[in-house]
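# Inside the fold
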Amino acid sequence: MNMSEHSQKYHVVVIGAGSTGAAVAHDLALRGFKVTVLERGEIASGTTGRNHCLLHSGGRYCVKDQESAVECIEENMILRKIMPEAMELNGGLFVAVNDEDMAYKQSFIEGCEATGIPYKELNASEARRREPYLSEKTLGAVWVPDGVFEPMRMCMSFLASAKQNGAMVRPYVEVTGLQVEDQRVVAVEVWDRISGEESVIHADLVVNAAGPWAGMITDMAGVDVPVVATPGVMVSMTGRYCQLVVNRLNVSSDGDIVVPQRETSIIGTSSWTVEDADYIEMPEDHIQMMYDRGSEMMPILREVEPRGIFAVARPLIGRIGEDEREIARTFKCFDHADRDGVEGFVTIAGGKTTTARAMAEGTVDVVCAKLDLEIPCATKETQLLSYRAYYTI
Amino acid sequence: MAVSNAPEGSRAYPGQQPREPQKRVLRWFQPFNRSLGTWSFTLNRVTGIGLVVYLYLHLGVLSLLLVGEESWDTFLAVAKSPPVLVMDVVLLAGLLIHGFNGLRVALVGSGFMVKQQRQLFIGMMVLALILLVIGGTAVFLK
Amino acid sequence: MTWQLTFKVARYKPGEPPRTDTFQIELDPERTILDGVEKIWAEQDRTLTFRHACHHASCGSCAIMANDVEVLPCIVEVNQVTRNGGTIEVGPLHNFPVVSDLVVDMGTFFERMQQVGMPIIGPTDPLDNQPKDDFHAYENCIECGICLSACPVVATDPTYLGPAALAAAYRQYHNSDDSEEKQRIMNLVDRENGIWRCHVAYECTAACPSNVDPAGKIMGLRRQATVNRVRKLFGLKPA
Ligand SMILES: Cc1cc2nc3c(=O)[nH]c(=O)nc-3n(C[C@H](O)[C@H](O)[C@H](O)COP(=O)(O)OP(=O)(O)OC[C@H]3O[C@@H](n4cnc5c(N)ncnc54)[C@H](O)[C@@H]3O)c2cc1C
Ligand code: HEM
Ligand code: SF4
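What counts, and at which threshold
- Residues numbered from 1 in each chain as written.
- Chains lettered and ligands numbered in written order.
- Predicted model: local features only at pLDDT ≥ 70, side-chain atom pairs only at ≥ 80, totals over all residues.
- Heavy atoms only, no water.
- Helix = DSSP H or I, 4+ residues; strand = E, 2+ residues; numbered from the N terminus.
- Buried < 20%, exposed > 50% of the residue type's maximum accessible area, 1.4 Å probe, protein only.
- Areas by Shrake-Rupley, 256 points an atom, 1.4 Å probe, with all protein chains shown as cover.
- Near = heavy atom within 4 Å.
- Nonpolar A, V, L, I, M, F, W, Y, C, P; charged D, E, K, R; others polar.
- Donors = N, O, S within 2.8 Å, 3.2 Å for Na, K, Ca; no water.
- Contact = heavy atoms within 4.5 Å.
- Polar contact = N/O pair within 3.5 Å; in protein donor to acceptor, adjacent residues only side chain to side chain.
- Domains from an automatic or database assignment.
- Buried area = accessible area lost by both parts, 1.4 Å probe.
- Salt bridge = Lys/Arg side-chain N within 4 Å of Asp/Glu carboxyl O.
- Pairing = 2+ DSSP bridges.
- Axes fitted to C-alpha atoms, helices over the stretch in contact; angles between N-to-C directions.
- pLDDT = per-residue confidence, 0-100.
- Expected span 1.5 Å × (residues − 1).
- Phe/Tyr/Trp six-rings, centres within 6.5 Å; stacked < 30°, edge-to-face > 60°.
- Disulfide = S-S within 2.5 Å.

### Considering the overall build of chain C
Summing up its helical and strand segments, chain C has eight helices and nine strands in all. Here the C-alpha coordinates of chain C stretch approximately 65 × 50 × 30 Å along the principal axes. Going through the 239 residues of chain C one by one, you find that 64% of them count as buried. In the form shown here, chain C has an accessible surface area of approximately 9200 Å², with 49% of it arising from carbon and sulfur atoms.

### Things to note about the site of ligand 3
As a structural note, the neighbourhood of ligand 3 is formed by 14 residues, with Cys141, Cys144, Gly145, Cys147 and Cys208 of chain C the closest of them. Classifying every residue of the shell around ligand 3 by side-chain character gives eleven nonpolar, two polar and one charged.

### With respect to the coordination of the iron atom of ligand 2
For the iron atom of ligand 2, the sole protein-derived donor is His98 of chain B (NE2), lying 1.9 Å away. Examined against the element boundaries, His98 of chain B turns out to sit in helix α4 (residues 82-109).

### Points about the environment of Phe140 of chain B
Residues and elements named next belong to chain B. Relative to the assigned elements, Phe140 resides in helix α5 (residues 117-141). Note: C-alpha distance between Phe140 and Val86 (54 residues apart in sequence) is 8.6 Å. Among all residues touching Phe140, those that are not within four sequence positions of it are Leu85, Val86 and Val89.

### Comments concerning the site of ligand 1
Residues and elements named next belong to chain A. Around ligand 1, 37 residues are found, and the nearest of them are Thr20, Glu39, Thr48, Leu54 and Thr354. Between ligand 1 and the protein, one listed contact pairs a nitrogen atom with a backbone N or O atom of Leu54 at 2.8 Å. The backbone of Thr353 places a nitrogen or oxygen atom 3.2 Å from an oxygen atom of ligand 1. Protein coverage of the free-state accessible area of ligand 1, which is 1000 Å², stands at 97%. Mapped by element, the contributors of at least two residues to the shell around ligand 1 are α2 (19-30), β10 (173-181), β14 (227-238) and β18 (306-317). A total of four residues in the shell around ligand 1 trace back to one element, the largest contributor, which is β18. Split into classes, the residues belonging to the shell around ligand 1 amount to 16 nonpolar, 16 polar and five charged. Viewed by domain, the shell around ligand 1 spans two of them, domain 1 (11-53 + 150-226 + 318-393) and domain 2 (91-147 + 229-316), each represented by three or more residues.

### Examining the interface of chain C and chain A
Taken together, the contact pairs 56 residues of chain C with 52 residues of chain A. Taken together, both faces of the contact between chain C and chain A bury some 4700 Å²; the carbon and sulfur share is 50%. Ranking the residues of chain C by area buried against chain A places Arg31, His56 and Tyr138 of chain C at the top, with a combined share of 16%. At the surface where chain C touches chain A, the tally comes to seven salt bridges. Arg31 of chain C serves as the salt-bridge partner of Glu284 of chain A, at 3.6 Å between the closest nitrogen and oxygen.

### Concerning the sheet that holds strand β1 (residues 3-11) of chain C
Residue and element names in this part refer to chain C. What the five strands build is an open sheet, ordered β2-β1-β5-β3-β4; its pairing is mixed. In the strand order of this sheet, the two ends are held by β2 (19-27) and β4 (69-71), each with one partner. With strand direction ignored, the average angle separating the axes of adjacent strands in the sheet is 30°. As judged from the two bridges shared by strand β3 (residues 64-66) and strand β5 (residues 87-91), these two strands associate in the antiparallel manner. By the bridge assignment, Met65 is partnered in β5 with Gly91. Against the sheet, helix α1 (residues 33-43) touches β1, β2, β3 and β5, its axis set at about 105° to β2.

### Description of helix α3 (residues 107-116) of chain C
Looking only at α3 of chain C, the buried set comprises Gly107, Phe109, Phe110, Arg112, Met113 and Val116 of chain C. Tucked inside the fold, the buried residues of α3 of chain C contact α11 (389-392) of chain A together with α4 (146-150), α5 (163-175) and α6 (179-189) of chain C.

### A word on the confidence of the model for chain B
Detailed reading of predicted coordinates is not advised where the pLDDT is low. All names here are of chain B. Of all residues in chain B, 94% have pLDDT values of 70 or greater, and the mean over the chain is 86. Averaged over each element, pLDDT in chain B is lowest for helix α2 (residues 64-67) (82) and highest for α5 (92). Within the model, the stretch residues 1-8 combines pLDDT values under 50 with 19 contacts to residues more than four positions away or in other chains.

### Section: the sheet that holds strand β11 (residues 184-192) of chain A
All names here are of chain A. With antiparallel pairing, the three strands of this open sheet are ordered in space as β10-β11-β12. Whereas interior strands pair on both sides, the edge strands pair on one side only; in this sheet they are β10 and β12 (198-202). The mean angle between the axes of side-by-side strands here comes to 30°, regardless of whether they run parallel or antiparallel. Both β10 and β11 contribute to a ladder of eight bridges, which runs antiparallel. If you follow Gly177 over to β11, its bridge partner there is Glu189.

### Some details on helix α1 (residues 36-62) of chain B
Compared with the 39 Å implied by 1.5 Å per residue over 27 residues, the 38 Å span of α1 of chain B between its first and last C-alpha is a close match. For α1 of chain B, the elements touching its buried residues are α4 and α5 of chain B together with α7 (203-207) of chain C.

### A short note on the side chain of Asn76 of chain A
All names here are of chain A. Relative to the helices and strands, Asn76 is located in helix α3 (residues 66-82). Judged by relative accessible area, which is 0%, Asn76 ranks as buried. Those residues in contact with Asn76, other than ones at most four positions away along the chain, are Leu55, His56, Ser57, Pro145 and Asp146.

### Observations regarding the packing of aromatic side chains
The tally for this structure, following the rule as stated, stands at eleven aromatic pairs over all chains. Centroid distance Tyr172 of chain A to Tyr13 of chain B: 6.0 Å. Interplanar angle 40°. Geometry classified as tilted. Here Tyr172 of chain A, found in the loop between β9 (168-170) and β10, pairs with Tyr13 of chain B, found in the segment before α1, and the two come from separate chains. The exposure class of Tyr172 of chain A is buried, given its relative accessible area of 0%. A relative accessible area of 1% places Tyr13 of chain B in the buried class. Centre to centre, the rings of Tyr390 of chain A and Tyr391 of chain A are 5.4 Å apart; their planes meet at 85°, and the pair counts as edge-to-face. Side by side, Tyr390 of chain A and Tyr391 of chain A carry an identical accessibility label, which is buried. In textbook terms, an aromatic cluster arises when at least three aromatic residues are bridged by ring pairs, as seen for Tyr387, Tyr390 and Tyr391 of chain A together with Phe96, Phe109 and Phe110 of chain C.

### Considering the interface of chain B and chain A
With ten residues of chain B at the contact, the number on the chain A side is 19 residues. Interface area for chain B against chain A, summed over the two sides, is near 1300 Å², with a carbon-plus-sulfur share of 55%. Scanning the region where chain B abuts chain A turns up four residue pairs in polar contact (both at pLDDT 80 or more). Split into classes, the residues belonging to the side of chain B that touches chain A amount to six nonpolar, three polar and one charged.

### Remarks on the state of the cysteines
In this structure the tally under the stated criterion is zero disulfides over all chains. Cys377 of chain A supplies the cysteine sulfur nearest to Cys368 of chain A, a cysteine that is in no disulfide, at a spacing of 9.1 Å. Left without a disulfide partner, Cys151 of chain C is nearest to the cysteine sulfur of Cys204 of chain C, which lies 6.5 Å away.

Put into structure tokens, the structure is as follows:
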């Protein structure tokens, strides 16, 4: 049944143009909604643009957080088909450099089996033939279908497709307030950071995809979401010293992934919590930890110069004070009608850039249900436009 | 209350009217702060224009011949005075720089010695300098 | 340790004359110019607009002028351009329409890149035991626009295709084994406002932060165009 003539009646405002907001806008537009995306900065200027660029295979989560792992491998397989242009499908290795790592290998492989992640075992010499810069201490490795993406170009690709289907994308427009009437969000107040103008935009429904800033948006409606800004540090080294993504074959920890991108190798990441994610002061010891931990897998990384050092905050779901790494990476869609009795307002938070499409599918399903529409999601099969089209549509 | 969708304008920044860049002719003559390449570009332009100016001057001077023998003789006297000889050296410098640099532009521009274009520029300028020294001495010794 | 720095920022808002604003900030000397700009936005002036995403020279969106040269401010530490107590001047790239402050409109730029159509992910030499179609790598060009800002020809001729698009055309020409595609690329670049507009100043190559060597590639295309013409003269197909 074609319901898009019904969805056309509804104007949905999406707050935030990170991977989540961009994917939500694409899904909404594809299902026929009238969409406006409001982003206070440039596309992907929040968490998304500055992340570690790893198209997760799920390997990282396959032992302790299998729900996330399944999500990752499913989305990995979808994204590589619908958005080949924004990703490097080079694969990844989980590398063991000590006996403890080797002992972990069995549970890792069982995790891959359980979550459906394709894998291939490599002995030490095979691994080092593929990646000559791996440590001499390498004992073995497991290959998985990791990849490398360009987060900004991913967002632009989603948004280009959304624009193609009629969405309006407005960078440098900051949401400053939500108008609530009779327990229903009816409009958003915005401030155009370019012209300085303030205005009000009517909305039948508002999707809050403001990442680690989601809590500031919900405050505007007098409700609350448990999103914790949890930054991590990354160091991009001059020179590409691996062709595949190199992960440490062990329980997830700090500085245990090296992502090669263009002519650099990015070591990441760490984790702590902050109250305000607008400007993140990087702890020196976290930067040092990247060199130390990264060079355990690839000693050369200690000898070369850094090119860029940066940090950005995850929008994790949890409460400040919980052990950050224990908070599940899986996303959550909050319908504020159920939670707080406020209609017309949905918050989507958590997740990963790898799972942005799935997050969008879940969110737009909720939107459709709220508006009593039954429109199936088609983003799995829909080829996305080139990111360059973002500028030409 | 403002309408929900902003009017057309820039495609990436709906509703905004970006300020078009001005043409920056002065940029041709600002090699400072830039790499060696702009020096070659600027030198070539300046000397090229200088040579055109000289060409007209030269034609003007030659037209003195039409005026008569006397004015031509006074001209020759002026032409042998030191300040004018210095200008001759400047002209020679311009010709040499422009000529050799032009050779480089022509070579590199047709795909030859692309990898060594920097060294080629330096080499050409050294050559121009050597010839300038020889030529300059000749001008004054005569 | 932190340094006291003065940032002089070129400001522009539609309908207002351009101006320069001065900000004092404290910054660790190992942080970057972009960190400084972001800090000013976060702590002092929320009206300041600037483009940025990846902070490690991969997305290409943050390119600006700093102390009169094009840079990716995300990879230039403040200690590389000034000293404690010093001043850093920042402004938008040259030769692009200015939307606001440091934000320039890359619309025409991307239109040309799209016309050329070089995929940003290109095939690379496969590793010995890696299936070929499984291994692609990003092209070096991050589409930052720095080369166009540095080019003395773009400064006066907005119709010139520009170094980035021409360098991409070179890659596209040589990556493709389809003769129609090669011809399409040649038709696009072998004209007055294409490869022949260049005056060999090599500023693009000097300024490019990503080792693309656009000037060298323009020369390569010129050579190719010449070869093709000579071959045509003898009734041969383009090489
Ligand atoms: C260190 C680190 C490394 C990571 N590495 C990876 C990885 O390798 N692979 C992976 O898949 N995931 C990774 N992630 C996770 C992933 O980056 C995030 O989950 C994802 O980017 C979140 O996207 P988002 O759109 O929800 O948030 P954001 O990208 O932050 O988007 C929110 C947007 O909302 C805007 N906004 C905020 N307030 C307002 C307002 N008032 N008005 C208008 N707009 C507003 C912000 O400017 C921002 O652009 C990493 C995360 C971190 C922190
Ligand atoms: C000695 C031999 C000469 C050679 C090899 C030569 C070569 C060249 C070349 C290759 C260019 C193009 C430069 C570019 O693409 O930027 C050029 C430009 C030019 N030449 Fe010459 N030239 C010579 C003599 C002259 C003379 C005698 C004059 C003046 C009468 C002259 C005037 C100019 C001018 C005005 C330009 C344009 C400047 C510019 O585009 O920057 N040239 N020359
Ligand atoms: S060629 Fe270099 S300077 Fe030009 S856009 Fe590409 S990366 Fe930037």
